[in-house]
Amino acid sequence: MPAEPLSAHDVETGLRDLPGWERDGDRIARSYRLPSHFAAAALTVHVAQIQEELDHHSELTLGYRTVRVAVHTHDAGGAITARDLTLAGRIEAVAPGHGAE
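Remember, predicted model here, so these are calculated numbers, not experimental data.

*Asks:* Any chance you could break down the pattern of salt bridges for me, citing the residues and the numbers?
*Replies:* Taken as a whole, this structure holds five salt bridges when the rule is applied. One salt bridge in this structure joins D26 and R27, with 2.8 Å as the shortest N-O distance. The partly exposed category is assigned to D26, whose relative accessible area is 37%. Between E53 and R90 there is a salt bridge; the shortest N-O distance is 2.6 Å. Residue E53 is located in helix α2 (residues 37-54), and its partner R90 is located in helix α3 (residues 82-94); the two are separated by 37 residues in the primary sequence. Under the relative-accessibility criterion, R90 is labelled partly exposed at 31%.

Now the structure itself:
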């Protein structure tokens, strides 16, 4: 069963609990700055593990000392759903352990 798209109000309400995350068109997104390229790569691997656990995958971009995450739900027609907010929350929970700002 496909996930239900959230209303604009519900997306904005959900983002209040996710510092640094913002709406970026039809996605929610955040960029993290890390203390080293190795720390950024480690965060990327950790995020990939979470995505596998949730069976929900984002656009994940590794740069030099940066990681960018952008997500929406494909089976909801590319809309933002509760699954996206859940993934963002899980990422927020582990990012500080990698030194992310």
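*Asks:* I'd love a proper account of the nonpolar core, names of residues and values included.
*Replies:* The biggest cluster of nonpolar side chains holds 23 residues, and the ones touching the most others in it are L15, W21, I28, Y32, L34, L43 and I91. When contributions to this core are tallied by element, the ones reaching two or more residues are α1 (8-15), β2 (27-33), α2, β4 (66-71) and α3. Sequence-distant contacts of Y32, defined by excluding residues within four places in its chain, comprise W21, L43, R65, T66, V67, V69, I91, E92, A95, A100 and E101.

*Asks:* Explain the packing of α2 against α3 to me, and be specific about the residues and the numbers.
*Replies:* Packing of α2 against α3 brings their axes to within 10 Å, and their N-to-C directions diverge by 140 degrees. α2 and α3 meet at a crossing whose hand is right-handed. Between α2 and α3, the contacting residues are L43, H46, V47, I50, Q51, E53 and L54 on the first element and R83, T86, L87, R90, I91 and V94 on the second. When its residues are assigned to classes, the contact of α2 with α3 shows seven nonpolar, three polar and three charged.

*Asks:* Before we move on, can you summarise the sheet that holds β2 with the specific residues and values?
*Replies:* The antiparallel open sheet is built from four strands, whose spatial order is β1-β2-β4-β3. Both outer strands of the open sheet, β1 (22-24) and β3 (59-63), are each paired with one neighbouring strand and no more. Direction aside, neighbouring strands of the sheet carry axes that sit 30 degrees apart on average. When β2 meets β4, the two strands line up antiparallel, connected through six bridges. Looking at the pairing, I28 lines up with V71 of β4. Along the sheet, α2 contacts β2, β3 and β4; its crossing angle with β3, the most-contacted strand, is approximately 165 degrees.

*Asks:* How would you explain α2 if you had to name every residue and give the values?
*Replies:* Compared with the 26 Å implied by 1.5 Å per residue over 18 residues, the 26 Å span of α2 between its first and last C-alpha is a close match. Those residues of α2 that fall on the buried side of the exposure criterion are A39, A40, L43, T44, V47, I50 and Q51. Angularly, the buried residues of α2 cover 140 degrees about the axis, an arc narrow enough to put them on a single face. Summarising the geometry of α2, the exposed residues directed more than 90 degrees from the buried face are F38, V45, E52 and E53. Contacts made by the buried residues of α2 are with β2, β3, β4 and α3. Immediately downstream of α2, the backbone of D55 shows phi near 50 degrees, a positive value.

Conventions we followed
- Position labels on residues start from 1 in each chain and follow its written sequence.
- Predicted model: local features are reported for residues with pLDDT of at least 70 only, side-chain atom pairs are reported and counted for 80 or more only, and whole-chain, interface and lining totals are derived from all residues.
- Values reported for side chains reflect all heavy atoms of the structure, with hydrogen atoms and water molecules removed beforehand.
- We define a salt bridge as a contact between a side-chain nitrogen of Lys or Arg and a carboxyl oxygen of Asp or Glu at a distance within 4 Å.
- Exposure classes here rest on a 1.4 Å probe applied to the protein chains alone. A residue is buried below 20% of its type maximum, exposed above 50%, and partly exposed in between.
- Strands here mean DSSP runs of E at least two residues long; helices mean DSSP runs of H or I at least four residues long; both are numbered from the N terminus.
- Definition used in this section: a nonpolar core is a set of buried Ala, Val, Leu, Ile, Met, Phe, Trp, Tyr and Cys residues joined via side-chain atoms within 4.5 Å.
- In what follows, a contact means two residues having at least one pair of non-hydrogen atoms within 4.5 Å.
- Every axis corresponds to a line fitted to the C-alpha atoms, with the helix fit spanning only the stretch in contact, and the corresponding angles, defined between N-to-C directions, vary from 0 to 180 degrees.
- In this scheme the handedness of a crossing depends on how the near helix is turned from the far one: anticlockwise by less than a right angle means left-handed, clockwise means right-handed.
- Polar here means any residue outside two lists: the nonpolar Ala, Val, Leu, Ile, Met, Phe, Trp, Tyr, Cys and Pro, and the charged Asp, Glu, Lys and Arg; Gly therefore counts as polar.
- In this analysis, strands are considered paired if DSSP registers two or more bridges between them.
- Here a helix's expected span is defined as the number of its residues, less one, multiplied by 1.5 Å.
- Read the arc as the range of directions from the helix axis to the C-beta atoms.

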